[in-house]
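Now for the letters of each chain:
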There are 2 protein chains.
Amino acid sequence: MISSIAELISDRIGTMPAGERRAAQTLIANYPLTGLKTVAEFSAAAGVSSPTILRFVARLGFQNYPEFQSALQDELAAQLQSPASRTLNPSSAGGAVSPMLEATLDNMRETFRHLTDRQLADIATRLAERRGKTFLIGGRFTDPLARYMAAHLAIIQPDVYHLAGQESIWRDRLIDMGKRDVLVIFDIRRYQESLVRFAEKAHHRGVQIILFTDQWLSPIARFARHVIAGRTAVPSAWDSSAALFVVAETLIAAVTRQLEAAGAKRMRDLESLR
Amino acid sequence: MISSIAELISDRIGTMPAGERRAAQTLIANYPLTGLKTVAEFSAAAGVSSPTILRFVARLGFQNYPEFQSALQDELAAQLQSPASRTLNPSSAGGAVSPMLEATLDNMRETFRHLTDRQLADIATRLAERRGKTFLIGGRFTDPLARYMAAHLAIIQPDVYHLAGQESIWRDRLIDMGKRDVLVIFDIRRYQESLVRFAEKAHHRGVQIILFTDQWLSPIARFARHVIAGRTAVPSAWDSSAALFVVAETLIAAVTRQLEAAGAKRMRDLESLR
DNA sequence: CAAAATACGTAACATTCGATACAGCGCCCC
DNA sequence: GGGGCGCTGTATCGAATGTTACGTATTTTG
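**Re the protein's contact with DNA strand D**
Okay, so step 1: Neighbouring residues of DNA strand D: 17 residues in total, closest A:Gly19, A:Thr52, B:Val39, B:Asn64 and B:Tyr65.
Okay, so step 2: Here the atoms of DNA strand D within 4 Å of the protein split so that 62% fall in sugar or phosphate, with bases taking the remainder.
Okay, so step 3: A:Ser49 is positioned such that a nitrogen or oxygen atom in its side chain is 3.0 Å from a phosphate oxygen of DNA strand D.
Okay, so step 4: In the model, a base nitrogen of DNA strand D is placed 3.3 Å from a nitrogen or oxygen of the A:Arg55 side chain.
Okay, so step 5: Where the surface near DNA strand D is concerned, the elements lending two or more residues are α2 (18-29) and α5 (50-59) of chain A together with α4 (39-46), α5 (50-59) and α6 (65-81) of chain B.
Okay, so step 6: Here the surface near DNA strand D is composed, by residue class, of ten nonpolar, five polar and two charged.

**Quick word on the protein's contact with DNA strand C**
Okay, so step 1: Taken together, 16 residues are adjacent to DNA strand C, and A:Val39, A:Leu54, A:Asn64, B:Gly19 and B:Thr52 come closest.
Okay, so step 2: Among atoms of DNA strand C positioned within 4 Å of the protein, sugar and phosphate together represent 63%.
Okay, so step 3: Within the backbone of A:Tyr65, a nitrogen or oxygen atom sits 3.1 Å from a phosphate oxygen of DNA strand C.
Okay, so step 4: Measuring from a phosphate oxygen of DNA strand C, one finds a side-chain N or O atom of B:Thr52 at 2.6 Å.
Okay, so step 5: Mapped onto the surface near DNA strand C, the elements with two or more residues apiece are α4 (39-46), α5 and α6 (65-81) of chain A together with α2 (18-29) and α5 of chain B.
Okay, so step 6: Here the element with the most residues in the surface near DNA strand C is α5(B); it accounts for three residues.
Okay, so step 7: Considered class by class, the residues forming the surface near DNA strand C number ten nonpolar, five polar and one charged.

**Some details on the environment of B:Leu8**
Okay, so step 1: Here B:Leu8 lies in helix α1 (residues 5-12).
Okay, so step 2: Separated by 53 residues in sequence, B:Leu8 and B:Gly61 place their C-alpha atoms 9.8 Å apart.

**Describing the pairing of strand β1 (residues 134-138) of chain A**
All names here are of chain A.
Okay, so step 1: Counting buried positions over the five residues of β1 gives five, a clear majority of the element.
Okay, so step 2: What you see with β1 is no split at all: Thr134, Leu136 and Gly138 on one side and Phe135 and Ile137 on the other are buried throughout.
Okay, so step 3: Bridge count between β1 and strand β2 (residues 160-162): three bridges; the pairing is parallel. Within β2, the position partnered with Leu136 by the bridge is His162.
Okay, so step 4: At this point the chain moves from β1, through helix α10 (residues 143-156), to the parallel β2, and the crossover so formed is right-handed.

Conventions used here
- Think of each chain on its own: its residues are numbered from 1, step by step along the sequence as written.
- Throughout, the order in which chains and ligands are written sets their labels, letters from A for the former and numbers from 1 for the latter.
- Per-residue local features are limited, in this predicted model, to residues with pLDDT of at least 70; the limit for side-chain atom pairs, both in listing and counting, is 80 or more; totals at the level of whole chains, interfaces and linings are taken over all residues.
- Side-chain metrics in this entry use all non-hydrogen atoms of the structure; hydrogen atoms and water are not considered.
- Proximity criterion: a residue is near a molecule or strand once any of its heavy atoms comes within 4 Å of it.
- Whenever a nitrogen or oxygen atom comes within 3.5 Å of another N or O atom, the pair is scored as a polar contact, on the condition that within protein one atom can donate a hydrogen and the other can accept it, and that pairs from neighbouring residues in sequence are kept only if both atoms are in side chains.
- Secondary structure elements are defined from DSSP: runs of H or I of at least 4 residues count as helices, runs of E of at least 2 residues count as strands, and each element is numbered from the N terminus.
- Think of it as three bins: nonpolar holds Ala, Val, Leu, Ile, Met, Phe, Trp, Tyr, Cys and Pro, charged holds Asp, Glu, Lys and Arg, and polar takes everything else, Gly as well.
- A simple rule labels every residue: compare its accessible area, found with a 1.4 Å probe on the protein chains alone, to the largest value its type can have, and call it buried under 20%, exposed over 50%, or partly exposed in between.
- Note on pairing: two strands pair once DSSP finds at least 2 bridges between them.
- Whether a crossover is right-handed comes down to one check: with the strands pointing away from the viewer, does the path from the first strand over the helix to the second run clockwise; if it does, it is right-handed.

That's the geometry; what it means functionally is another story.
Set out below in structure tokens:
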């Protein structure tokens, strides 16, 4: 059962030749606006020639381009009149993807429900007031999150370091850490002993620890000044770090806002360095 | 302050002659669709002649009819991109975090709305059938996503490589790539030239490219076999990669499911190695 | 009530658009 | 390695679109 043109496209996109597939992808990515423009504009956006666009709409079963556009407009009209229909969209019926998405969305709502604006603001402030250095580290699967956060923070403020590589390498960097510094740790099940040991030592040196973990709380929580507990359960063989990822992005945004004045200047300086 | 064309119209509708007023009312009645049709159709719908329509848009300050249509399309594009703004729900309490979370949730829903089970299944199948090697690479801020995906895929199947470090390093690895291989690229604004070059060369070697990008599509889309366009707009100084992150997790789950038999054995073997 | 100004539609024009024929190219299969 | 098939872009044609000029109708104003 195919109701919308978008479905029709994604249904047949597998059987299309390369050029027409590009047209399809361009249309889907910016649906349905690209289809409302002229053939020339459409073809330019997709990086193919006009005839390819026409062959594309012909393959979808339309007699000519205007007919195709009319269909898109009718669809759009129906959408605009009943905004409610958008939320209850047909793709949510069964399928393998929806459970995953639904669970992830739930995880985020739950995660943020237990997280007050105040907490986030406190953590952001701590990250923004740069009395000392900021270190970030993650576990086996969460190291990318640490990297992601470090990549952003390092742009708006100095002295941001991501600890990577072998354990011995970052263990030695403990010597540089003191009570003015902050350590951001990502650790979810199965909790890594090496990280726990590292956190404990850092804690003893007076380092303030901000912990991203799952709802069962890594043992590191004992040493942490701030704990962010994200939901991780999804219908998959793996746990999901998506909720923690969003919290990280939220914090990055908050820190950036707080450092607006200083950060903006720094970003300009960085620009000029390129 | 006049922001939308609809406002502009209702602002000046009082000063218009009868015919043009009818045009205005017809347009407002089912805004903005009538304005996207041809002058002839517009005039027929309003019950006036074509020149009247043209005088109408001229009075609104547009040089010609196409310019008027472009403006309408831009407006529509803005609306469609942020579904949140349309629902305009003040229900969710203010605070600094909610807008960020709401936007992120919207982005995910919107991203998956343009992504069918079929497409995801196709991509997962391609990643699961290991005829050749799998390479993953990301840009400045998206490299962590590539890492995250690589960390998981490498566990359930062999020959998964994350390309990191300097450009020269991964450029040299092109020599190992052939038409049996898959290259997963993450590239969002501002698109990195080095990645585009790399993708082009890989494409010429027959490598199948799976691209994670934003809704404006990286130029790499031209070479890609599969394109995943995620929404990235959030109320922050930075773009959000959260939607792409969730797609990545979804794919990881799907691939794992497909490789269940073979993958489970491999995971057991890995366990025993520790 | 008359004259002028404005508004509106018909019709012809120029431009742009969509459609098609054709040739080059790569690809796959034998 | 050669022949055939399918895909794609260039160039061209016809059609439809937006635009403008002009004459008629309508309203406004002195």
